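# Topology and contacts: notes
Residues per chain are reported as follows:
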Amino acid sequence: MDKYVCDVCGYVYDPALGDPSQDIAPGTAFEDLPDDWKCPECGVGTEMFSKE
């Protein structure tokens, strides 16, 4: 699965790790994140992420 990087702060969403801070399970693809998911570092939405 592809990793995605936040264009604002540089946070990398790694599907292998998920996002424990927001109860996103490991193995969750970026495309499958909930619509209301926000970057845990700066709070922007998925539209501000680019494929790494």
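Tallied over the entire structure, the rule returns six aromatic pairs. Measuring from centroid to centroid gives 4.0 Å for Tyr4 and Phe30, while their planes differ by 10°, and the two rings are stacked. In this pair, Tyr4 is assigned in strand 1 (residues 4-6) and Phe30 in the loop between strand 2 (12-13) and strand 3 (49-51), connecting sequence segments 26 residues apart. You'll find Tyr4 and Phe30 in the same group, each marked buried.

One finds Tyr4, Cys6, Tyr11, Tyr13, Ile24, Phe30, Leu33, Trp37, Cys39, Val44 and Phe49 forming the largest nonpolar core, which totals eleven residues. Apart from the residues within four sequence positions on either side, Tyr11 is in contact with Tyr4, Val5, Cys6, Gly18, Asp19, Trp37, Cys39, Pro40, Glu41 and Phe49.

Within the element layout of this structure, Thr28 appears in the loop between strand 2 and strand 3. From its side chain, Thr28 meets the backbone oxygen of Ala25 in a polar contact 2.7 Å long. Setting aside residues no more than four positions away along its own chain, Thr28 makes contact with Met1, Tyr13, Pro15 and Leu33.

Note on sheets: strands pair through backbone hydrogen bonds, and any given pair is parallel or antiparallel. Taken in spatial order, the three strands line up as 2-1-3 in an open sheet, and their pairing is antiparallel. A strand with exactly one partner marks an edge of an open sheet, and here the two such strands are strand 2 and strand 3. In terms of strand pairing, strand 1 meets strand 3 through three bridges, oriented antiparallel. Residue Val5 lies in a different strand from strand 3, and its bridge partner there is Ser50.

About the thresholds
Residues numbered from 1 in each chain as written. Predicted model: local features only at pLDDT ≥ 70, side-chain atom pairs only at ≥ 80, totals over all residues. Heavy atoms only, no water. Phe/Tyr/Trp six-rings, centres within 6.5 Å; stacked < 30°, edge-to-face > 60°. Helix = DSSP H or I, 4+ residues; strand = E, 2+ residues; numbered from the N terminus. Buried < 20%, exposed > 50% of the residue type's maximum accessible area, 1.4 Å probe, protein only. Core = buried A, V, L, I, M, F, W, Y, C linked by side-chain atoms within 4.5 Å. Contact = heavy atoms within 4.5 Å. Polar contact = N/O pair within 3.5 Å; in protein donor to acceptor, adjacent residues only side chain to side chain. Pairing = 2+ DSSP bridges.

Fair warning: the whole summary comes from geometry, so function is off the table for now.
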